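# Tertiary structure, described
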Amino acid sequence: MKTVTRSTCCYCGVGCGVLVETEHGRITGIAGDPDHPANFGRLCTKGRTLPLTASSTTGRALRPEMRVTRDEPRQATDWASALDHVADRLAAIIERDGPDAVALYISGQLLTEDYYVFNKLAKGLIRTNNIDTNSRLCMSSAVTAYKKALGADGPPTCYEDLELAQTVLFAGSNMPYAHPVLFRRLEDAKAKNPDIKWIVVDPRRTDAAALADLHLAIEPGTDVALFNGMLHHLIWEGALDRAFIAAHTADFDAVKALVRDYPPHVAAKICGIDERDLMQAADWFAASPATLSLYCMGLNQSSHGTDKNLALINLHLATAQIGKPGAGPFSLTGQPNAMGGREVGGMATMLAAHREIGNAEHRAEIEALWGVSALSDRPGLPAVEMFDAMASGKIKAIWIACTNPVHSMPDIARVRQALAKAEFVVVQEAFAQTDTVPYADVLLPAASWGEKAGTVTNSERRISRVRAAVEPPGEARPDWWIANEVALKLEQRFRRAAQDSATTRTLFPFASPQDVFDEHRLLTIGRDLDIGALSYATLEQQGPTQWPMPAGAHEGTARRYTDGTFATADGRARFLATPYLPVAEPTDARYPFHLLTGRLRDQWHGMSRTGRADALFAHTPEATLVMRPGDATRRGLEEGQLVTVTSRRGKLVLPLQTSDDVAPGTVFAAMHWSGQYLSSGGINEATIGAVDPYSAQPELKHAAVRIEQADLP
Ligand code: SF4
């Protein structure tokens, strides 16, 4: 008999609702959930093909595996032995070298409940803040900018604004590929009202740029100069909302003084665009009744990602394009639960419910709520620094869950070196053959989408249920359960070492994801993301809901700051002066090309899942390096020929594809193909580990490279 389970798509931050059809314990079909407010029944190709990639034992990690010494292969074992071994090794390293010798590297693919248990395990039990996530590579610059400018993390906007905006600025976001269902909503709105203006800021002519009213094909990394130039123009034209600035913001004068240095002709020259286009974009931005900025990795994955976000938010504050329907800065989360991970504080730089590690009051609140003492006030190591600390021998053990850093981190050679140097590596994975699995001393088989339950939060702060439709294959277990079991065993070992036989209460009393959610909910009370009124029962009754929803509220919150009161101490948003700084690695005579990286429409991350469906290779069958035809001709290169892409850190070989979509002096490669598919490795062989000074997000989007004919044997 067929059954249907209501759940949420596991790919991008749109967070589409899905109806999963199962028969005889297998996922047999999928449909968009017509009642889910993110997608109203629509799905993109990735969502539609979920049944082709789910619920199979092929390629899955099915049993725990472990090895005792590095020079032996891992052997299949049982859960009890694997969990004991993990707890024993971690406890021994912590006792010998201290808690900060251990690190956890987790994932925006995890559910909120998984994230919560991992975070409590690291910060509440081990007492290290060395827990970071691949969301560091995704959204951390947006987070830092929201906190600096608006006083709290999280977008002020909602998806309904896609239909209400009269001007839409896309900055570093190829929505047709990265957030397809949201892009369809924008297309529908524009079809109904052709006067809606689309401005696309992107060095490449992406699908979004091709459809735009104005494409600003800026030089890579010059976004801050563009936004400063637009603000200069608006100040000159007297097009600001002076009343809003006076009533609801602070520090405008510092920004006004800074942008004096960016008159349109100067800013346009830095950006390599026509100054008239810059001024046109500024005029549309300010004059529109509602301007919405949609931005993603093009701003965030940069060594100046926070400044890029802030310079754009400055424009919204100066023109009062915030806190009203259809308007505001709207960062689009890449991963399905990058937002939920932040809510539970599952990163090296934060505590639960948007609290700060460096804030003694915040630590005391979490200590009281968890019933622990002396949470660490030492900042944890964010992703790039974490692997660097492992390479230098400071971190001895790492537990990696639901992510593949040997593919996704910048400068992969450095990551391989770090993992080879680590004393003990645990990999918790649903798939048996990622690039990271060979480094595992212990492999813990994890349940995947369709097999586990919990919640995720999408780009508009909407919390949706994820439900299990089938049993996990083999001995795979849900991620929260695995973390909880190790936590219980570690807790026993710590008590034994402290000769504490009196304490019987556990920090990990969770018997289900619902238990975990209930504790998470309590920690949010009184905070900006308060979900005191939200429970699994509420989600069941009223469906996916946006935070905040404090006790007494009957529904979630669509938009924030609608009364002009921001989440800062004095209620005023902050203008932040952002001077333009160039990319971390400028091109030069030896490395003359700007390498840009990005996503394809039908693939997801390292293709662990999407690589299992042939249908998803129809759009783009193979990895390529995209180059301007004139650049190729000048170098004697031809379409389809194999070329070597070389940076100061590494190289890889790709077939050449020529296209006018990239600018002269610029090449593009997709992020998806890894060493699993390409013997020469993926594009992150070439990228750079330079990070933003505020968010620690690496500049995955840009590196300087040279391109040569491949020297084949
Ligand atoms: Fe899934 Fe994103 Fe596609 Fe929606 S838009 S179906 S969430 S991949």
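Residues numbered from 1 in each chain as written. Predicted model: local features only at pLDDT ≥ 70, side-chain atom pairs only at ≥ 80, totals over all residues.

Looking up the protein in an unreviewed UniProt entry gives the name nitrate reductase (cytochrome), with the organism given as Trinickia fusca. The protein has a UniProt comment under Catalytic activity (unreviewed entry) that states "2 Fe(II)-[cytochrome] + nitrate + 2 H(+) = 2 Fe(III)-[cytochrome] + nitrite + H2O". Under Sequence similarities (unreviewed entry), UniProt gives the following word-for-word description of the protein: "Belongs to the prokaryotic molybdopterin-containing oxidoreductase family. NasA/NapA/NarB subfamily." (UniProt positions renumbered as here; feature names shortened; annotations may be inferred.)

### Section: the packing of helix α3 (residues 79-97) against helix α22 (residues 479-497)
Packing of α3 against α22 leaves a shortest axis separation of 9 Å and a crossing angle of 45°. In terms of orientation, α3 and α22 fall into the oblique class. Two packed elements cross with a definite hand, and for α3 against α22 that hand is right-handed. Packed against α3, whose contacting residues are L83, D84, V86, A87, L90, A91 and E95, the element α22 presents E485, V486, K489, L490, R493, F494 and A497 at the interface. (Axes fitted to C-alpha atoms, helices over the stretch in contact; angles between N-to-C directions. Helix = DSSP H or I, 4+ residues; strand = E, 2+ residues; numbered from the N terminus. Parallel < 35°, antiparallel > 145°, perpendicular 65-115°, else oblique. Left-handed = near helix turned anticlockwise from the far one by under 90°. Contact = placed C-beta atoms within 7 Å.)

### Here's the deal with the site of the ligand
Near the ligand you find 14 residues, and of these C9, Y11, C16, C44 and G47 are the closest. Residues that form the shell around the ligand fall into these classes: nine nonpolar, four polar and one charged. In terms of domain composition, the shell around the ligand takes at least three residues from each of domain 1 (3-53) and domain 3 (141-336). (Near = placed C-beta within 6 Å. Nonpolar A, V, L, I, M, F, W, Y, C, P; charged D, E, K, R; others polar. Domains from an automatic or database assignment.)

### Considering the nonpolar core
General note: in soluble globular proteins, nonpolar side chains tend to be found buried as a group. Grouped together as the largest cluster of nonpolar side chains are 223 residues, with contacts concentrated most on F118, F170, L226, M230, V645, V667 and A669. The biggest single contributor to this core is helix α4 (residues 112-126), with eight residues. Beyond its immediate stretch of four places on either side in the chain, M230 contacts L278, A281, A282, F285 and L315. (Core = buried A, V, L, I, M, F, W, Y, C linked by C-beta atoms within 7 Å. Buried ≥ 20, exposed ≤ 12 C-beta atoms within 10 Å, placed from the backbone.)

### Thoughts on the domain arrangement of the protein
Domain assignment breaks the protein into domain 1 (3-53), domain 2 (65-138 + 340-509), domain 3 (141-336) and domain 4 (593-709). Counting residues at the interface gives 18 residues for domain 2, matched by 20 residues for domain 4. Among the elements that make up the side of domain 2 that touches domain 4, the one with the highest residue count is helix α21 (residues 412-421) (three residues). Split into classes, the residues belonging to the side of domain 2 that touches domain 4 amount to eight nonpolar, five polar and five charged.

### Overview of the environment of F183
By secondary structure assignment, the location of F183 is in helix α8 (residues 180-192). When the C-alpha positions of F183 and A208 are compared, they lie 8.8 Å apart, and in sequence the two are 25 residues distant. Not counting residues up to four positions away in its chain, the partners in contact with F183 are M175 and P176.

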